[in-house]
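# Coordinates in review
Chain by chain, the residues run as shown.
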Amino acid sequence: MSPTEAKERIETLTAELKQHNYNYYVLAQPTISDFDFDQKLRELTDLEKQYPEYADPDSPTAKVGGEITKEFQTVRHRWPMLSLGNTYSEQELVDFDQRIRKAIGDNFEYVCELKFDGLSMSMTYEDGKLTRAVTRGNGVEGDDVTANVRTIHSVPKRLAAGNYPVSFEIRGEVLMHRKAFERLNNERIESGEVAYANPRNFASGTMKLQDSAEVAKRPLDCFLYFLYTDKPLFKTHWDSLQAVKSWGFHVSEHTRLCRSLQEVLEFINEWEQKRFDLSFDIDGIVLKVNNYAQQEELGFTAKVPRWAIAYKYKAEQVETELLNVEYNVGRTGAVTPVANLKPVLLAGTTVKRATLHNANEILRLDLHEGDFVYVEKGGEIIPKIISVNLDKRKPDAKPVTYLASCPSCGTPLERKPGEAAFYCPNDEGCPPQIVSRMQHFVSRRAMNIDGLGDETIETLYKKDLIHHISDIYELKDKAGELKQMDRFGEKSINNMLKGIEQSKQMPFEKVLFGLGIRYVGETVARKLVAHFKTLDRLKAASLEELTAVEEIGERIAQSLVEYFSGTVHHEELKKLRSQGLQFEAEEIVVTLQSDKLTGKTFVISGVFENHSRDELKEIIEQNGGKILSSISAKLNFLVAGDNMGPSKLEKANKLNIPIITDADLLEMLQ
Ligand code: IVH
């Protein structure tokens, strides 16, 4: 390579890697596999070594990679949060081991740990209390996400009495278990929200949320793997892990002390397969020199410790033939392409299909008919096409073009500006939309109708007995037709009709969620009902009134306005109402526990160790107090927890409003 070519290549790689870092750390939406990223990074490192004069001073090889997001307070790490050197090759582990032996001799051990595939977090404890949690950010500074981390059950908010130092920092990985990922991601898909590609992105996207109440709904876990203290407390990393565990932290049981590289390689090989049996994703194994004095002797390079390295598992890839692309129409009309593949064995299972997400993905792959594609199975459930083997493409192969009209009803597809998915707009006449809408309505999380499952809905639709949700409530008058149906005995008919009748008592929020309005998932439905209380008020709400509700953005508001402006929807809602479904929030009759707080007003702010804000609100209201939404001269008390915004505090002080803790509040009730 000539120097000019090297310069150009360095510039290209630098720009590409910067973009990938941004996609990964800031957007939590990587567009490249870890392996490909690491290959590019390595190529750049090698080129910069040869041509240091062309290296960008801000090169991705010189820093950890993350960026700081704007919404959180930026905090400087007391000890920089470094990355780890990594490799995919056993030979490089041998080299790593040799380098260590050369520096410190042969008398040392390794601690082998799983390399958790999540996002790293640094937590500070003072007097046994969690005082701060900060993301890695750019390694030097990160985001203060304490309120969010407090919602993670396995992170102790307060340690039981024990032998821990007054102040320490502990680092670990926040992750989401695969089961929770599947469940929550399916919920997102069902309500028309953008799905996350894998549990890591979901965990990382969750940590970026501004509303910790929403974070609390997404179960996360945190494995701890490093302790920092002012004065050294332990001689080895292994001892520190044991101690940390005894203080109440979640430390993985799959950690092993190895006395030779041979033992390390055995650990690595063992987990190569076993990792698929874990309930969470790992992407490799980390080995760390156990003894702290030896770690110190080995020291650091500019970016990574010399006493630790990550061995990364290459996501298993196979090549197979693309048979065709099939298009599925979902409940909200979104048309999703799926690749049918020639069956092939991959990581222990036969793969026949791969997701293509949307039209952009087909373009990214530049997919052609009959292509041979590389399929990869990371932690994800559905395998993904990584790239195409261009050497095997037939010269006359035609590019795969996205459908122009609905595969089911033929209506021309539409795409909204800024959205990746194409939609079939014929929601009233497109069979898969009609069927899945009714299936969604009766599903467990919506109206939970006993005796009426997906298959029955499909059969009833095919027999022309149901078309709209309201038709379900007319089935009781069609006993004759129902009895004619195969495998549909009197008992199951009665059971179904009973379930349908009982569902009329389901609360308004379930009905609203069940209607399947695009972007109205369970949480949104709950928020809307809590705010507007009745269907009539919700229907009458303007875009501005809708977006004024906490967590209701432009997109959801627009979708609601569109839904309620349709005459068909109008008729349907009228019918459902006359059939006896609930369209008003249940009035909760509050019996006051006492009137000790009558006439007093409160604002609750911040995060509390022993109560959620909602609990405190309820306590106040049940004792006659009133909650105000903002601090004003009318306010009697500000109940303040941790991490309250400084402006609120300032305002309360200015107005001389007493600031009390949750404990003070409870005392007022004694
Ligand atoms: S030790 C200086 N141990 O991998 C030591 N990191 O590629 C730094 N990670 O930033 C970290 N599992 O987010 C360590 N058992 C483990 C880990 C682990 C996952 C992550 C961590 C780190 C990244 C480096």
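About the thresholds
- Residue positions are given per chain, counted from 1 along the sequence in the order it is written.
- Side-chain atom pairs in this predicted model are given and counted only at pLDDT of 80 or more, local residue features only at pLDDT of at least 70, and totals for whole chains, interfaces and linings cover all residues.
- Neither water nor hydrogens contribute to the side-chain values; these are computed over all heavy atoms in the structure.
- Strands are runs of DSSP state E lasting at least two residues, helices are runs of H or I lasting at least four, and both sets are numbered from the N terminus onward.
- Exposure classes here rest on a 1.4 Å probe applied to the protein chains alone. A residue is buried below 20% of its type maximum, exposed above 50%, and partly exposed in between.
- A pair of Phe, Tyr and Trp rings is counted when the ring centres sit within 6.5 Å of each other, with Trp represented by its six-membered ring. The angle between the planes then sorts it: under 30 degrees is stacked, over 60 is edge-to-face, the rest tilted.
- When at least one non-hydrogen atom of a residue lies within 4 Å of a molecule or strand, that residue is treated as near it.
- We call two N or O atoms a polar contact when they sit within 3.5 Å, provided that within protein one can donate a hydrogen and the other can accept it, with sequence-adjacent residues counted only if both atoms are side-chain atoms.
- The protein chains shown are the only cover counted for residues, whose accessible areas, like all others here, come from Shrake-Rupley with a 1.4 Å probe.
- Whether two strands pair depends on DSSP finding at least two bridges between them.
- Only the stretch in contact is used when a helix axis is fitted, and all axes are lines through C-alpha atoms; the angle between N-to-C directions ranges over 0 to 180 degrees.
- It only takes one pair of heavy atoms within 4.5 Å for two residues to be counted as in contact.
- Note that the arc is computed from the directions linking the helix axis to the C-beta atoms.
- By definition, a salt bridge exists where a carboxyl oxygen of Asp or Glu is found within 4 Å of a side-chain nitrogen of Lys or Arg.
- Expected span, for any helix, means 1.5 Å times one less than how many residues it has.
- As a per-residue quantity, pLDDT reports the predictor's confidence and falls between 0 and 100.
- Residues form patches when they are more than 30% accessible in relative terms and have no salt bridge. Like charges link within 9 Å. Nonpolar side chains (Val, Leu, Ile, Met, Phe, Trp, Tyr) link within 5 Å.
- Counting rule for charge: Lys and Arg are taken as positive, Asp and Glu as negative, and neither His nor the chain ends is counted.
- Where a charge lies is defined by one atom per residue type: Lys uses NZ, Arg uses CZ, Asp uses CG and Glu uses CD.
- The scheme is simple: roughly parallel for angles under 35 degrees, roughly antiparallel for over 145, roughly perpendicular for 65 to 115, oblique for anything else.
- Should the near helix be turned counterclockwise from the far one by less than a right angle, the crossing is left-handed, whereas a clockwise turn marks it as right-handed.
- Classification convention: Asp, Glu, Lys, Arg as charged; Ala, Val, Leu, Ile, Met, Phe, Trp, Tyr, Cys, Pro as nonpolar; all other residues, Gly among them, as polar.

## Remarks on unusual backbone geometry
A negative phi angle is the norm for most residues apart from glycine, just as the trans form is the norm for most peptide bonds. In this structure, lysine 533 is a non-glycine residue whose phi angle is positive, near 65°. Position of lysine 533 among the secondary structure elements: in the loop between helix H18 (522-532) and helix H19 (535-540). Of note, asparagine 656 is a non-glycine position whose phi angle comes to about 60°, a positive value. Take asparagine 656: it is sitting in the loop between helix H24 (646-654) and strand S21 (659-660). For asparagine 656, a relative accessible area of 69% corresponds to the exposed category.

## Things to note about the packing of aromatic side chains
Given two aromatic rings, one states the distance between the centres and the angle between the planes to describe the pair. Tallied over the entire structure, the rule returns 28 aromatic pairs. Taken together, a centroid distance of 6.0 Å and an interplanar angle of 45° make the contact between phenylalanine 116 and phenylalanine 280 tilted. Taken together, the residues span a long stretch of sequence, with phenylalanine 116 in strand S3 (residues 110-116) and phenylalanine 280 in the loop between helix H9 (261-274) and strand S10 (282-289) at a distance of 164 residues. Comparing phenylalanine 116 with phenylalanine 280, the two get one shared label, buried.

## Here we look at the site of the ligand
As a matter of local geometry, the ligand sits amid 14 residues, with Glu113, Leu114, Arg136, Glu173 and Lys288 nearest to it. At 3.3 Å, a side-chain N or O of serine 120 approaches an oxygen atom of the ligand. Protein contacts shield 91% of the accessible area of the ligand, which totals 530 Å² for the unbound molecule. For the shell around the ligand, the elements supplying multiple residues, two or more each, are S3 and S10. Of all the elements, S3 adds the most residues to the shell around the ligand, at four residues.

## What about the sheet that holds strand S5 (residues 129-135)?
If you walk across this open sheet you meet the four strands as S5-S4-S7-S8, and the pairing is antiparallel. Each edge of the open sheet carries a strand with a single partner, namely S5 and strand S8 (221-228). Strand-to-strand, the axes of this sheet are offset by a mean angle of 30°, without reference to chain direction. Contacts from helix H8 (residues 237-246) reach strand S7 (167-175) and S8 within the one sheet, and its direction differs from that of S8 by about 130°.

## What about the pairing of strand S15 (residues 372-377)?
Strand direction decides the pairing type here: strand S12 (residues 316-329) and S15, joined by six bridges, are antiparallel. When the sheet's bridge partners are listed, threonine 320 is paired in S15 with valine 373. The sheet contact formed by S15 and strand S16 (residues 384-388) spans four bridges and is antiparallel. Paired with valine 373 across the bridge in S16 is valine 388.

## Points about the sheet that holds strand S19 (residues 626-627)
One open sheet holds the four strands; their spatial order is S19-S18-S20-S21, and the pairing between them is parallel. Each of the sheet's edge strands pairs with one partner strand only, and the pair in question is S19 and S21. Here strand S18 (residues 601-605) pairs with S19 via two bridges, running parallel. When the sheet's bridge partners are listed, threonine 601 is paired in S19 with lysine 626. Contacts from helix H23 (residues 613-622) reach S18 and S19 within the one sheet, and its direction differs from that of S18 by about 170°.

## Re helix H13 (residues 454-462)
All buried positions along H13 are accounted for by Thr456, Ile457, Leu460 and Tyr461. The arc that holds the buried residues of H13, viewed along the axis, is 135°, so those residues lie on one side. Exposed positions of H13 whose direction lies more than 90 degrees from the buried face are Glu455 and Lys462. Where H13 is buried, its residues touch helix H12 (431-442), helix H14 (469-472), helix H15 (479-484) and helix H16 (490-502). Just past H13, the residue aspartate 464 takes up positive phi, approximately 65°.

## Some thoughts on the pattern of salt bridges
Two side chains with opposite charge may pair up if their charged atoms get near one another. Taken as a whole and judged by the stated rule, the model has 31 salt bridges. The partner of glutamate 92 in a salt bridge is arginine 42, with the nearest N and O atoms 2.6 Å apart. One end of the pair, glutamate 92, is in helix H3 (residues 90-104); the other, arginine 42, is in helix H2 (residues 34-50), with 50 residues separating them in the sequence. Looking at arginine 42, the relative accessible area reads 36%, which means it is partly exposed. In this structure, aspartate 144 and arginine 132 form a salt bridge, with 3.4 Å as the shortest nitrogen-oxygen distance. Of this pair, aspartate 144 sits in the loop between strand S6 (141-143) and helix H4 (146-149) while arginine 132 sits in strand S5, and the two are 12 residues apart along the sequence. Residues joined by salt bridges that share partners form a network here, namely Asp97, Arg101 and Asp106.

## Some points on helix H21 (residues 554-565)
Every α-helical turn comprises 3.6 residues, leaving residues that sit three or four positions apart pointing alike. Taking 1.5 Å as the rise per residue, H21 with 12 residues should run 16 Å; its terminal C-alpha atoms sit 16 Å apart, in good agreement. Those residues of H21 not exposed but buried are Ile556, Ala557, Ser559, Leu560, Tyr563 and Phe564. Buried residues along H21 cover an arc of 160° about the axis, so they all sit on one side. Turned more than 90 degrees away from the buried face of H21 sit Glu554 and Ser565, all of them exposed. On its buried face, H21 is in contact with H18, H19, helix H20 (543-547) and helix H22 (567-578).

## Some remarks on the confidence of the model for the chain
For the chain, per-residue confidence averages 89 on the pLDDT scale, and 95% of positions sit at 70 or higher. Highest mean pLDDT in the chain belongs to S3 (98); lowest belongs to helix H7 (residues 212-216) (75). Low pLDDT, under 50, characterises residues 64-70; the stretch is placed with 25 contacts to residues that sit more than four places away or in other chains.

## A short note on a negative patch on the surface
Taken together, the side chains of Asp614, Glu615, Glu618 and Glu621 define an acidic patch exposed on the protein surface. Within the secondary structure, glutamate 615 sits in helix H23.

## Observations concerning the packing of H12 against H13
Where H12 meets H13, the closest approach of the two axes is 9 Å, and the angle between their N-to-C directions is 135°. Relative to H13, the element H12 lies oblique. The hand of the H12/H13 crossing is right-handed. Where H12 abuts H13, its residues Pro431, Ile434, Val435, Met438, Gln439 and Val442 lie against Asp454, Ile457, Glu458 and Tyr461. Residues that form the contact of H12 with H13 fall into these classes: seven nonpolar, one polar and two charged.

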